[in-house]
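# Coordinate inspection notes
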Amino acid sequence: MNSRTLLTLAGIAALALAPAFVYPMLMVKLLCFAIFASAFNLMLGYTGLLSFGHAMFFGTAGYILGLGMKHLGWSPEIGLIAGMAGAGLLGFIAGAIAIRREGIYFAMITLAISQLIYFLAMQTDWTGRDDGLHGIPRGRLFGLIDLENDLALYGLVAVCFVLALAAIHRIVTSPFGQVLTAIRENEPRALSLGYDVARYKVLAFTLSAALSGLAGGLKALALSYESLNDLHWSLSGEVVMMCILGGLGTLSGPVAGAFFVILLQNFLADKVGEWLSVIIGLVFLFCILAMRKGFVGELSQRLAGLRGKARAAS
Amino acid sequence: MTHVLETAGLCKEFGGFRAVSDVSLKVREGDIHALIGPNGAGKTTVFNLLTKFLQPTSGTIVLEGRDITGEKPAALARQGMVRSFQISATFPDLTVLENVRVALQRRSAPTYAFWLPGRVLDRLNARAMELLELVDMQDFAQTRAADLSYGRKRSVEIATTLAMEPRVMLLDEPTQGMGHEDVERVTRLIKRVSAGRTILMVEHNMKVVSGICDRISVLQRGSILAEGSYAEVSADPRVLEAYMGSDDADGDIGAGGEP
């Protein structure tokens, strides 16, 4: 058994044992944002595209799930799938528009589209506007498992988390992932080899949006509540921060980054109040300056260095 | 003899500055055709126009009888005309084998399949190794492209380009910045891969040009000054003057020396 399989099994064991030590709803929140950051990493880390509007996918899926389950009597699995489909469709449209521009302009267009969605949600009655969408029922998964039980809900989120990471791993190692890597590494060369670069980017954007939608749907389901905050640009910024803190282009980096940011928010919110953003800002600054590759990137580099030394010594 | 690639009255202006002016180029099938000229003569601009990385202000480009003036770069590559770049264009973080495989993948393996495992690409490995053997790079298959010497990166790039099975290859300064040995290696390589295809290259090194090129076009200030075999062109007084009049040591056509 190699070290990678061992780490994966250890991770799954930790997920199974976690609710015995950590408040399940905190774990649910952590995992939702970990999925979101991992989905975002598919864009920034693996494709090299900085989207600054990813909250639109997170929030849109939350509203779709919330509205469907509250008013149309959808079951949770339908709500989640519909949320992912809606976010993916929105991702396809936003991607197709934004992909015409590169770098900062790409980021600005994604921001503009997400602001458009934000104001649409604010102006529409059925989103509940500033009050948010309250009273989303958690329902029964497949008509069998009652999700009102926090542990059952945690189980669903944990399974989705594992599946999402597995999907991302498959995507980046697939034939499509190989093309994405080539595009990230040298776009003009990929173009000269006959690849319609824009199409691959739009597909990556769509997949990333759909997975972000899974995260947003799960969060709305867990909290029985969806608000405009989940569409807000500050969340789009936060997910960039999570990815960079943890380490871009690694599978576990965004997970570590999301855990770090959310835990910091949770533990400090009632102690330092307004100073929270200052502290997070300082931490971010420190990490950018001291750890270029994020927590996970630095750690794996150190470990590789140690292993190299050990080999040289023996 | 038929012309594979032809331009008529090709012009490119950058905000009033005419970088390329009325260039009519005819590249014969099966030739190694060189585009030479002093620095700033517009060689790379012509190159970018031909491969559609730039859009001409006026004029037409015809590839094998089809007007390709309005085509996109990726479409052109699929029609059999593939370019290389002035600065070595590899995928630095991929291995040498993967570099070649990415090119093979576009022609004969799934490229959008995000649900398939990466090992479906392994069936391309044999063909990729063949191409690497052709450029003497088989021993470096598992090396990251970024860790190779400059000359070897060039070889990888040529193998990658060959994977596209192009009928027309455009090489932008294939020996630029190389040491003596690498220049010879790459020159031999270009000669070897020219069999059965047409090559148009921008080149500074006159030893390379005189050694392997069948036909030469001399570019000066955006226009074609002379065209012909090396013997014809190097005897042309206008060409000599163009080269003497510039400080371009690389392009000393009279001496036929090295850079």
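What counts, and where the lines are drawn
- The numbers attached to residues start from 1 for each chain and follow its sequence in the written order.
- Chains carry letters and ligands carry numbers; both start at the beginning, A for chains and 1 for ligands, and go up in the order they are written.
- The model is predicted, so local features are restricted to residues of pLDDT at least 70 and side-chain atom pairs to those at 80 or more, both for listing and for counting; the totals for chains, interfaces and linings are taken over all residues.
- Note: side-chain values were computed over all heavy atoms of the structure, leaving out hydrogens and water.
- UniProt positions are given in the numbering used here, feature names are shortened, and annotations may be inferred rather than shown by experiment.
- Strand pairing is assigned whenever DSSP detects at least two bridges linking the two strands.
- Under the DSSP-based scheme used, a helix requires at least four consecutive residues in state H or I and a strand at least two consecutive residues in state E, with every element numbered from the N terminus.
- The axes are straight lines fitted to the C-alpha atoms, using for helices just the contacting stretch, and the angles between their N-to-C directions are given from 0 to 180°.
- By the convention used here, residues are in contact when the closest approach between their heavy atoms is within 4.5 Å.
- As a working definition, buried area equals the accessible area (1.4 Å probe) given up by two parts on being put together, with both sides summed.
- Put simply, a salt bridge is a Lys or Arg side-chain nitrogen that is within 4 Å of an Asp or Glu carboxyl oxygen.
- Each polar contact in these results corresponds to two N or O atoms within 3.5 Å; when the atoms are within protein, one needs to be able to donate a hydrogen and the other to accept it, and residues that are neighboring in sequence are counted only if both atoms are side-chain atoms.
- Buried means the residue's accessible area, taken with a 1.4 Å probe over protein chains only, is under 20% of the maximum for its type, while exposed means over 50%, and partly exposed covers the values in between.
- Each Phe, Tyr or Trp ring, with Trp reduced to its six-membered ring, pairs with another whose centre is within 6.5 Å; inter-plane angles below 30 degrees give stacked pairs, above 60 give edge-to-face pairs, and intermediate values give tilted ones.
- In this scheme, roughly parallel covers angles under 35 degrees and roughly antiparallel covers those over 145, while 65 to 115 is roughly perpendicular and the rest are oblique.
- In this scheme, a crossing is called left-handed if the near helix is turned counterclockwise away from the far one by less than a right angle; it is called right-handed if the turn is clockwise.
- Each residue is assigned to one class: nonpolar for Ala, Val, Leu, Ile, Met, Phe, Trp, Tyr, Cys and Pro, charged for Asp, Glu, Lys and Arg, and polar for all the others, Gly among them.

Per an unreviewed UniProt entry, the recorded name for chain B is Amino acid ABC transporter ATP-binding protein, and the organism is Aquamicrobium defluvii.

As recorded in an unreviewed UniProt entry, chain A goes by the name ABC transporter permease, listed as coming from Aquamicrobium defluvii. On record in UniProt, under Subcellular location (unreviewed entry), the comment for chain A is "Cell membrane".

### Topic: the sheet that holds strand E7 (residues 81-83) of chain B
Hydrogen bonds between backbone groups are what pair the strands of a sheet, and the pairing can be parallel or antiparallel. Residues and elements named next belong to chain B. With mixed pairing, the 6 strands of this open sheet are ordered in space as E7-E8-E9-E4-E10-E11. Taken across any chain shown, the strands that pair with only one partner, and hence form the sheet edges, are E7 and strand E11 (223-228). Put simply, the sheet's adjacent strands are angled 15° from each other on average, direction ignored. As defined by bridge partners, strand E4 (residues 32-36) adjoins strand E9 (residues 198-202) across 4 bridges and the pair is classed as parallel. Each bridged residue has a counterpart across the sheet, and for Ala34 the counterpart in E9 is Met201. Lying over the sheet, helix H5 (residues 150-163) contacts E7 and strand E8 (168-172), oriented at roughly 160° with respect to E8. Sheet strands in contact with helix H6 (residues 180-193) are E4, E8 and E9, and its direction is about 150° off that of E9.

### As for the interface of chain A and chain B
Taken together, the contacts link 26 residues of chain A with 36 residues of chain B. Summing the contributions of chain A and of chain B, the shared interface buries around 2,600 Å²; its carbon and sulfur component is 62%. Connecting chain A to chain B are 1 salt bridge. Where Asp196 of chain A meets Arg78 of chain B, a salt bridge forms, and the shortest distance between an N and an O atom there is 3.5 Å. Taken together, the connections running from chain A to chain B amount to 16 residue pairs in polar contact (both at pLDDT 80 or more).

### A short note on the side chain of Asn48 of chain B
Residues and elements named next belong to chain B. Mapping Asn48 onto the fold places it in helix H1 (residues 43-50). Residue Asn48 is classed as buried on the basis of its relative accessible area of 17%. Non-local contacts of Asn48, meaning those with residues more than four positions away in its chain, are made with Phe53, Leu54 and Arg83.

### Regarding unusual backbone geometry
Residue and element names in this part refer to chain B. Although it is not a glycine, Glu64 adopts a positive phi angle of roughly 45°. As for its placement among the helices and strands, Glu64 is situated in the loop between strand E5 (58-63) and strand E6 (66-67). Classification of Glu64 by relative accessible area gives partly exposed; the value is 31%. Residue Glu165 is not a glycine yet carries a positive backbone phi of 45°. Mapped onto the secondary structure, Glu165 falls in the loop between H5 and E8.

### Some words on the packing of aromatic side chains
Scanning the entire structure with this criterion turns up 10 aromatic pairs over all chains. Aromatic side chains Phe176 of chain A and Phe114 of chain B sit 6.3 Å apart centroid to centroid with 70° between the ring planes, which places their arrangement in the edge-to-face category. Of this pair, Phe176 of chain A sits in helix H7 (residues 175-185) while Phe114 of chain B sits in the loop between helix H3 (96-108) and helix H4 (125-134), placing the two residues on different chains. Phe114 of chain B sits in the partly exposed class, given a relative accessible area of 23%. Ring geometry for Tyr195 of chain A against Tyr200 of chain A: centres 5.6 Å apart, planes inclined by 80°, an arrangement best described as edge-to-face. Exposure class is identical for Tyr195 of chain A and Tyr200 of chain A. Each is buried.

### Focus: the packing of helix H10 (residues 233-246) of chain A against helix H12 (residues 276-290) of chain A
Axis angle and axis distance: for two packed helices, these are the angle between their axes and the distance between the axes, and together they describe the pair. All names here are of chain A. With their axes 10 Å apart at the nearest point, H10 and H12 run at an angle of 40° to one another. When the axis of H10 is compared with that of H12, the two are oblique. With respect to the hand of their crossing, H10 and H12 are arranged in left-handed fashion. Between H10 and H12, the residues in contact are Met241, Ile244 and Leu245 and Ile280, Val283, Phe284, Cys287 and Ile288, respectively. Of the residues that constitute the contact of H10 with H12, the class distribution is 8 nonpolar, no polar and no charged.

### Things to note about the pattern of salt bridges
All names here are of chain B. By the definition in use, this model includes 20 salt bridges over all chains. For Lys26, the salt bridge identified is with Glu6, shortest N-O distance 3.9 Å. Placement of Lys26 in strand E3 (residues 26-28) and of Glu6 in strand E1 (residues 3-14) is noted, with a sequence separation of 20 residues between them. Assessed through its relative accessible area of 37%, Lys26 is described here as partly exposed. Owing to a relative accessible area of 29%, Glu6 belongs among the partly exposed residues under this scheme. A salt bridge links Arg192 to Asp136; its shortest N-O distance comes to 4.0 Å. Taken as a pair, Arg192 in helix H6 and Asp136 in the loop between H4 and H5 lie far apart in primary sequence, 56 residues in all. Look at Arg192 and you get partly exposed, because its relative accessible area is 42%. Owing to a relative accessible area of 43%, Asp136 belongs among the partly exposed residues under this scheme.

### A short note on the packing of H7 of chain A against H3 of chain B
Two elements in contact, H7 of chain A and H3 of chain B, have axes separated by 11 Å at closest approach and are oriented at 115°. Looking at the two axes, H7 of chain A sits roughly perpendicular to H3 of chain B. Our pair here, H7 of chain A against H3 of chain B, has a crossing hand that is left-handed. Contacts between H7 of chain A and H3 of chain B involve Pro175, Phe176, Gln178, Val179 and Ala182 of chain A on the former and, on the latter, Glu98, Arg101, Val102 and Gln105 of chain B. In terms of residue class, the contact of H7 of chain A with H3 of chain B is built from 5 nonpolar, 2 polar and 2 charged.

### Some details on H1 of chain B
Residues and elements named next belong to chain B. Across the 8 residues of H1, 7 count as buried, placing the element largely inside the fold. Within H1, the full set of buried residues consists of Lys43, Thr45, Val46, Phe47, Asn48, Leu49 and Leu50. Lys52 occupies a position one or two residues after H1 and carries a positive phi of about 70°.

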